Amino acid sequence: MSLPVAQPLFAFLDAHGIEHSTLEHPPVFHVGEGDEIKAALPGGHSKNLFLKDAKDRLWLITALGETRIDLKRLPTAIGSARLSFGSEALMVEVLGVRPGSVTPFALLNDKGRRVTLIVDAALLASDPVNFHPLTNASTTAVSSAGFLAFLAALGVEPLVVDFRA
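Note that the structure is a prediction, hence the values are computed from the model and not measured.

K.L.:
So what exactly am I meant to see when it comes to the overall build of the protein chain here?
P.N.:
Counting its regular elements, the protein chain contains six helices and eight strands. Counting from the amino terminus, the protein chain carries its helices and strands in the arrangement α-β-α-β-β-α-β-α-β-α-β-β-α-β. Evaluated residue by residue, the protein chain yields a buried proportion of 51% over its 165 residues. Relative to all contacts within the protein chain whose residues are 6 or more apart in sequence, the contacts with residues 24 or more apart total 62%. In the structure as shown, the protein chain presents an accessible area of about 8100 Å², 54% of it carried by carbon and sulfur atoms.

Okay, here's the thing in structure tokens:
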């Protein structure tokens, strides 16, 4: 596989017995792009938002691509202060990825566990779940159980939110 940036992730998944499959494709930068790629991959496809609140807490929201997320109402649901998008520099510093490649798999790079993960309940109900593997030039699928095992291996406890409510 020609994805050197993703090799540490794949090694981590393998070391923890988490089955995964990856499809390489042209870079995808926004949720609305790559519909033909998504059509070829079963399961839930994610959108991911890297956010910072007014108290400098960091948040990563991962949800189904079609899920509507109201950033004005979200603080009440997750217990945060007012939210805004985190800067590219902060994203690179903490998660080691650039905009367009944001993924919960990047929590592998959050050594200080600075980011709180919020997961859409509808995404967890999908199987498999699909995320960029630290690069937007491919998509990696894992089962929902495999995704939760990945988070547990990192010591990350996600806050699951039903965005439909």
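K.L.:
Can you help me understand the environment of Phe105 in this one?
P.N.:
Looking at where Phe105 falls in the secondary structure, it is placed in the loop between α4 (88-95) and β5 (115-120). Spatially, the C-alpha atom of Phe105 lies 6.7 Å from that of Leu134, the residues being 29 residues apart in sequence. Each residue touching Phe105, except ones within four places of it in the same chain, is listed here: Leu9, Phe131, His132, Pro133, Leu134, Thr140, Val142 and Phe150.

K.L.:
Where do I start with the nonpolar core in this structure?
P.N.:
One recurring pattern in soluble globular proteins: nonpolar side chains tend to sit buried together. Core analysis: the biggest nonpolar cluster contains 35 residues, and Leu107, Phe147 and Phe150 have the highest contact counts within it. Elements supplying a minimum of two residues to this core: α1 (7-15), β3 (58-64), α4, β5, α5 (121-124), β6 (129-131) and α6 (144-154). Non-local contacts of Phe147, meaning those with residues more than four positions away in its chain, are made with Pro104, Leu117, Val119, Leu124, Val129, Phe131 and Val142. Residues Ala63, Leu83, Ile118 and Val161 belong to the second largest nonpolar core, which totals 12 residues.

K.L.:
Is there a simple way to explain the pairing of strand β2 (residues 44-53) in this structure?
P.N.:
Where a strand is regular, its side chains alternate between the two sheet faces. Taken across its 10 residues, β2 has nine buried, putting it largely inside the fold. With two bridges joining them, β2 and β6 adopt parallel strand pairing. Paired with Gly44 across the bridge in β6 is Val129. Where β2 and β3 come together, seven bridges link them in antiparallel fashion. Across the sheet, the residue bridging to Lys47 is Ala63, located in β3. The hairpin turn running from β2 into β3, its antiparallel successor, is four residues long, and Asp56 in that turn takes a positive phi close to 70°. As judged from the three bridges shared by β2 and strand β4 (residues 83-85), these two strands associate in the antiparallel manner. Directly across from Leu51, in β4, lies its bridge partner Phe85.

Definitions and cut-offs
- Residues numbered from 1 in each chain as written.
- Predicted model: local features only at pLDDT ≥ 70, side-chain atom pairs only at ≥ 80, totals over all residues.
- Heavy atoms only, no water.
- Helix = DSSP H or I, 4+ residues; strand = E, 2+ residues; numbered from the N terminus.
- Buried < 20%, exposed > 50% of the residue type's maximum accessible area, 1.4 Å probe, protein only.
- Contact = heavy atoms within 4.5 Å.
- Areas by Shrake-Rupley, 256 points an atom, 1.4 Å probe, with all protein chains shown as cover.
- Core = buried A, V, L, I, M, F, W, Y, C linked by side-chain atoms within 4.5 Å.
- Pairing = 2+ DSSP bridges.

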